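For reference, the chains in residue letters:
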Amino acid sequence: MHRSARASEFGINGNEVREEQEDEVMEILARVEHNLNDLAQGLSLLGLKRCSWCKRFLRSSDPGALFGGDGELVCFGCVPAWWPSRREQLSCEDRKKIEGNLVFWLRSFHNAHLVKDSRKTSENQPVKFELVASCLECRGTGTLMGDRRCRYCDGPGAVRVVVPERTR
Ligand SMILES: [Zn+2]
Ligand SMILES: [Zn+2]
């Protein structure tokens, strides 16, 4: 009423065997991961860096290829999926800092422009994605120098950052 009964109960060759197999698999996985990390390190010496989201390697000499937010690198293609989930995990202060860097990066390398929140998109240009960021000029307060309404965001304290589809 021990080993054989347990084996039939679980429908496998006993728990110990299963655990051993799992250990072996974990060991192999750890080795593979180690090798991959070595490879990734080697590739980064060759000027290739890896997106932490999709795991693709991209040329780090292209400043628009990867965004370096908070120690992790994210490729341009992954930013629309990465940022909304990442920003949820950040403290208010970190979020503002990284958001500011992200907006700067999108404007510098991906022709992003700011749209006042109250205005509807009137352009015909196809949009790749857009995100809402707090206004850097009034730091999200909506006012400048006391009670003057911020003219950059038109008051709400937030702007839409629109990234156009690459037409080239
Ligand atoms: Zn990616
Ligand atoms: Zn503002």
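Rules used throughout
- Per-chain numbering applies: the sequence of each chain, read as written, is numbered from 1 onward.
- Chain letters start at A and ligand numbers start at 1, both assigned in the order the entries are written.
- Where totals are concerned, whole chains, interfaces and linings use all residues; where local detail is concerned, this predicted model gives features only for residues with pLDDT of at least 70, and gives and counts side-chain atom pairs only at 80 or more.
- Secondary structure elements follow DSSP: runs of H or I no shorter than four residues count as helices, runs of E no shorter than two count as strands, and numbering proceeds from the N terminus.
- With C-beta atoms placed from the backbone, a residue is labelled by how many other C-beta atoms lie within 10 Å of its own: buried for 20 or more, exposed for 12 or fewer, partly exposed between the two.
- A pair of strands counts as paired when DSSP detects no fewer than two bridges linking them.
- Inter-axis angles, ranging from 0 to 180 degrees, are taken between N-to-C directions of lines fitted to C-alpha atoms, where helices are fitted over the stretch in contact.
- A helix's residues, less one, multiplied by 1.5 Å, set its expected span.
- Note: the arc covers the axis-to-C-beta directions of the helix.
- Per residue, pLDDT measures the predictor's confidence, with a range of 0 to 100.

Next up on the list: the environment of Asn 111. Note that Asn 111 resides in the loop between helix 4 (92-109) and strand 5 (113-116). On the basis of neighbour count, Asn 111 is assigned to the partly exposed category, with 16 C-beta atoms found within 10 Å.

Ordered in space as 5-9-6, the three strands form an open sheet in which the pairing is antiparallel. The outermost strands of the open sheet, each flanked by one partner alone, are strand 5 and strand 6 (127-134). This sheet shows a mean twist of 30 degrees between the axes of neighbouring strands, independent of strand direction. Here strand 6 runs beside strand 9 (residues 158-164); their pairing, made up of seven bridges, is antiparallel. Within strand 9, the residue paired with Val 132 across the bridge is Arg 160.

The next subject is helix 4. Taking 1.5 Å of rise per residue, 18 residues should cover 26 Å, and helix 4 covers 26 Å from first to last C-alpha, within 8% of that figure. Along helix 4, the residues that are buried comprise Glu 99, Leu 102 and Leu 106. Axial view of helix 4: buried residues confined to an arc of 65 degrees, hence all on one face. Opposite its buried face, helix 4 presents the exposed residues Glu 93, Phe 104 and Ser 108, each directed more than 90 degrees away. Backbone geometry just after helix 4 places Asn 111 at a positive phi near 55 degrees.

Model confidence for the protein chain is summarised by a mean pLDDT of 85, while 86% of its residues fall at 70 or above. Between the elements of the protein chain, mean pLDDT differs from a low of 51, seen in helix 1 (residues 3-10), to a high of 94, seen in strand 4 (residues 72-75).

Strand direction decides the pairing type here: strand 3 (residues 66-69) and strand 4, joined by four bridges, are antiparallel. Bridge pairing in strand 4 links Phe 67 to Val 74. What sits between the antiparallel neighbours strand 3 and strand 4 is a turn of two residues, in which Asp 70 has the positive phi angle 60 degrees.

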